[in-house]
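Structural description and commentary
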Amino acid sequence: MRPTVWLTSYPKSGNTWFRALLSNLDPARAEPAAINALDSTDSIASSRGRFDNHMLIESGLLTFDEIDDLRPALYRYLAADSYEGPFDPETLYPVRFVKTHDGYTHTRHGEPIMGGAAAAAGALLFVRDPRDVAASLANYQNFTIDEAIAMMADPSFCFCAHPRVLTNQLRQRLLGWGGYAASWLDQRDVPVHLVRYEEMHAAPLPTLRAALCFAGWSIDDATIERAFAFAAIDELQRQEADTGFGEAPQTEHGKTRFFRRGVAGGWRDELTRAQVKRIEQDHAAMMERLGYAPAIKEDFEHVDQQAG
Amino acid sequence: MYCYRVSGLTVRSDLRLPGLIPLDVVAIPDVTIRAIVVPEALDDVSVTGPNWQRSADRFLLEIPSIGRFLLEAGHSIGYSRSADIGDQDIAIFLAGNVFGILLHQRNHIVLHASAIAVKGKAVLFCGASGAGKSTMAAALGARGYTLVTDDQAAITLDATGMPIVHPDGRFLKLWTRSIEALALGDRKGEAMRDRLEKFYVEPGVASTAPMPVGAVYMLTEDRAPRVAGISRPNLVDGSRLLVANAYRPTLVRRMGQRQAYFQVGAAIAHVAGIFMLTRPLRFSAMDETIAQLEAHWAEVGLTPAAELAESRG
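Bear in mind that the values here come from a model prediction, so they are computed numbers and not experimental data. (Residues numbered from 1 in each chain as written. Chains lettered and ligands numbered in written order. Predicted model: local features only at pLDDT ≥ 70, side-chain atom pairs only at ≥ 80, totals over all residues. Heavy atoms only, no water.)

Before going further, it helps to spend a moment on the overall build of chain B. Within chain B, the secondary structure is distributed over 7 helices and 20 strands. The globule rule puts the C-alpha radius of gyration for 313 residues at 20 Å, and the 19 Å found for chain B is close to it. The C-alpha extent of chain B, read off along each of the three principal axes, is 60 × 45 × 40 Å. The long-range fraction of contacts in chain B, counting pairs at least 24 apart against all pairs at least 6 apart in sequence, stands at 62%. Taken as a whole, chain B presents about 12,300 Å² of accessible surface, with 49% of it coming from carbon and sulfur. Taken together, the 32 basic and 31 acidic charged side chains of chain B have centroids lying 3 Å from each other. (Helix = DSSP H or I, 4+ residues; strand = E, 2+ residues; numbered from the N terminus. Rg over C-alpha atoms; globule rule 2.2 N^0.38 Å. Contact = heavy atoms within 4.5 Å. Areas by Shrake-Rupley, 256 points an atom, 1.4 Å probe, with all protein chains shown as cover. Lys, Arg positive; Asp, Glu negative; His and termini not counted. Charge placed at Lys NZ, Arg CZ, Asp CG, Glu CD.)

See the structure below:
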């Protein structure tokens, strides 16, 4: 039985980049993995199709809370079952990685929705400077940056909690940017390894090696370095321009690009002083806990030069 | 006692089951549905899921806040309800979910599909929950096409090897947003559950008779790298897609029914055709998708090109 490891993150924190890296870790690989065929991970934990298929229940006829009551049993079952279903790719990966944007919450009866220790051996928690998340999230959600900042500060914000339409995923409680990280860091059911997006840029090799080591996958440095080359932002952007990306945001007006800048610290030329200040006020405690320092005068040189 | 025909089977139930095709009387029903004391677990379990168990001829399903269901030999469904669960809440699970499992237990071929009629043949739209099956059937219904089935499509092969669809009911089941987008408010019936915004919707015309299969479309969204259009997968991929679009693919695998699905898949591909229909999910693209479909029906010979309008109804 392969161990299950959650790839958990608030949206726009490097989760997809990490999945692309994992898909490029095959030593026999001669060229970059196709972004539309990332086979390193099972479908997202909140997939409605997989819930219905394994539980034999039409989740659309259940309330959000009734669905949540059943999710722990599903995740424990999938972790224990070696079967790869029609919603899961066939795989030779030594670890069963499953992406999720669910905050670590509990059912009405106090059970962890993610199924607790029996549903996963560990979790890789991806975090990113919330000032960078805001700009990326605005692009992804087709929001203004101010709307993205409001979403990040709203502990009640959920994905797929629409009562009037059936979405292809189950409700996911995001708990706000700070609440998301706190929910995973503070729970005691599943060991968590923190992966900072900024460290993936500043020190790629040791950061990925440590994450894989936590997941129980030992792999040589040359293969890891090649994966970073194969999943470099310009390669991901090139493929997206070429074929499109199935996970890119879709709106009534057409498609928005998913792989945008792929940089750390981009907020310095994308956010106003007021927006930076608001994020720092909203998330002061968690930013400090994760090592994201408040802006200083020099951070605004770019903005000031433009204004001057 | 209430009597119905569901997916080709006669049913006698001690509970009213909304949305199904009613029958006056059934002397010896194929399936009996009644309240019983459902056991907590089965003896001699051969296969288990997260909330279900199977033994040789018994199947136990639990939906914690709703109830427990015991299916025996494909002939009877016993149910016991959880506290505070009314008739409506238990009935919708019996009529849909649980009956679908019973069809799997009977080794019937059952697809997750809606269907409408084109010139006396059933055109099926397959997909997982949320893929847009019912909305597609409703949009075609609004243009005059007869509804054949919504959600479950039981398929048998007749003596000549022709695949036949058996309807699962006589209503569409739609969410509020689809009802609004398709302007079907005046046909909206009762809510499927009081706490949900999903309703029975009266179709313009519904057929309650079995009907030969004319074409099967697998619904997919036009997400990259897939682009909008209709394509025909090869025979092997077509049969695989059919298994993936069984009502509950996991049961096909765990009950060892793949071979039967491949067989029916080959028959459908031979006499009707299995296609991929890739299109945008947004409502504003529906007209364009239907125009593509109507052109395709002429192309594959379901309708003579010049008589498109007559094909409706």
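Moving on, there is more to tell.
What follows is about the interface of chain B and chain A. If you look at the interface, chain B gives 44 residues, while chain A gives 35 residues. Between chain B and chain A, the buried area comes to about 3,500 Å², and carbon and sulfur atoms account for 56% of it. Between glutamate 66 of chain A and arginine 193 of chain B there is a salt bridge; the shortest N-O distance is 2.7 Å. In this assembly, chain B and chain A are joined by 15 residue pairs in polar contact (both at pLDDT 80 or more). (Buried area = accessible area lost by both parts, 1.4 Å probe. Salt bridge = Lys/Arg side-chain N within 4 Å of Asp/Glu carboxyl O. Polar contact = N/O pair within 3.5 Å; in protein donor to acceptor, adjacent residues only side chain to side chain.)

All names here are of chain A. Across the sheet, 5 strands lie side by side as β2-β3-β1-β4-β7; this open sheet has parallel pairing. Whereas interior strands pair on both sides, the edge strands pair on one side only; in this sheet they are β2 (41–42) and β7 (192–196). Packed on one face of the sheet, helix α6 (residues 176–186) meets β1 (4–9), β3 (96–100), β4 (122–127) and β7 and runs near 155° to β4. (Pairing = 2+ DSSP bridges. Axes fitted to C-alpha atoms, helices over the stretch in contact; angles between N-to-C directions.)

All right, on to the packing of helix α4 (residues 235–244) of chain B against helix α6 (residues 258–271) of chain B then. Residues and elements named next belong to chain B. Remark: α4 packs on α6, axes separated minimally by 8 Å, with the N-to-C direction vectors making an angle of 125°. It follows from the interaxial angle that α4 and α6 lie oblique. Seen along the crossing, α4 lies across α6 with a hand that is right-handed. Two secondary-structure elements touch here, α4 through Leu235, Ser239, Arg240, Leu242 and Val243 and α6 through Arg258, Tyr261, Phe262, Val264, Gly265, Ala266, Ile268 and Ala269. Class assignment of the residues belonging to the contact of α4 with α6 gives a composition of 9 nonpolar, 2 polar and 2 charged. (Parallel < 35°, antiparallel > 145°, perpendicular 65-115°, else oblique. Left-handed = near helix turned anticlockwise from the far one by under 90°. Nonpolar A, V, L, I, M, F, W, Y, C, P; charged D, E, K, R; others polar.)

Glancing now at the packing of helix α5 (residues 145–153) of chain A against helix α11 (residues 273–282) of chain A. All names here are of chain A. Relative to each other, α5 and α11 sit at 5°, their axes nearing to 10 Å. Judged by the inter-axis angle, α5 sits roughly parallel to α11. Within the contact between the two elements, α5 uses Ile145, Asp146, Ile149, Ala150 and Ala153 and α11 uses Gln275, Arg278, Ile279 and Asp282. Taken together, the residues of the contact of α5 with α11 break down into 5 nonpolar, 1 polar and 3 charged.

A separate point is the domain arrangement of chain B. Accessible area lost when the parts come together is the quantity often used to give the size of an interface. Residue and element names in this part refer to chain B. Taken as a whole, chain B is organised into domain 1 (2–106) and domain 2 (110–311). Computed from C-alpha atoms alone, the centre-to-centre distance between domain 1 and domain 2 is 25 Å. Taken over both partners, the interface formed by domain 1 and domain 2 buries close to 2,200 Å², and the fraction arising from carbon and sulfur atoms is 55%. Broken down residue by residue, the surface that domain 1 buries against domain 2 is led by Ile21, Gln88 and His104, which jointly contribute 30%. Across the domain 1-domain 2 interface, the total number found is 3 salt bridges. Inspection of the region where domain 1 meets domain 2 yields 15 residue pairs in polar contact (both at pLDDT 80 or more). For the side of domain 1 that touches domain 2, the secondary-structure elements that each account for two or more residues are β3 (21–22), β5 (47–48), β6 (52–54) and α1 (87–105). Residue contributions to the side of domain 1 that touches domain 2 peak at 12 residues, all from α1. Of the residues contributing to the side of domain 1 that touches domain 2, the split by class is 14 nonpolar, 10 polar and 3 charged. (Domains from an automatic or database assignment.)

The next thing to look at is the sheet that holds strand β4 (residues 31–35) of chain B. All names here are of chain B. Ordered by their spatial adjacency, 9 strands build an open sheet running β3-β1-β2-β4-β9-β8-β7-β6-β5, and the pairing between neighbours is mixed. Because the sheet does not close on itself, it has two edges, and the strands there are β3 and β5. Across 6 bridges, the pairing between strand β7 (residues 58–63) and strand β8 (residues 67–72) is antiparallel. Within β8, the residue paired with leucine 60 across the bridge is leucine 70.

With the rule as written, the count across this model stands at 19 aromatic pairs over all chains. On the basis of an interplanar angle of 15° and a centroid distance of 5.4 Å, the ring pair of tryptophan 52 of chain B and phenylalanine 59 of chain B is categorised as stacked. The pair formed by tryptophan 52 of chain B and phenylalanine 59 of chain B is uniform in burial state, with each residue classed as buried. Plain terms: the ring middles of tyrosine 145 of chain B and tryptophan 297 of chain B are 5.5 Å apart, the flat faces sit at 75° to each other, and that makes the pair edge-to-face. Of this pair, tyrosine 145 of chain B sits in the loop between α2 (133–142) and β12 (146–149) while tryptophan 297 of chain B sits in helix α7 (residues 286–299); the two residues are 152 residues apart in sequence, bridging distant segments of the chain. Put simply, the rings of Tyr140, Phe245, Phe258 and Phe259 of chain A pair up and form one aromatic cluster. In this structure, lysine 12 of chain A is placed above the aromatic ring of phenylalanine 258 of chain A, and the distance from its NZ or CZ to the ring centre is 3.8 Å. Stacked on the ring of tryptophan 267 of chain A, the Lys or Arg arginine 131 of chain A has its end atom at 4.3 Å from the ring centre. (Phe/Tyr/Trp six-rings, centres within 6.5 Å; stacked < 30°, edge-to-face > 60°. Buried < 20%, exposed > 50% of the residue type's maximum accessible area, 1.4 Å probe, protein only. Lys NZ or Arg CZ within 6 Å of the ring centre and 35° of its normal.)

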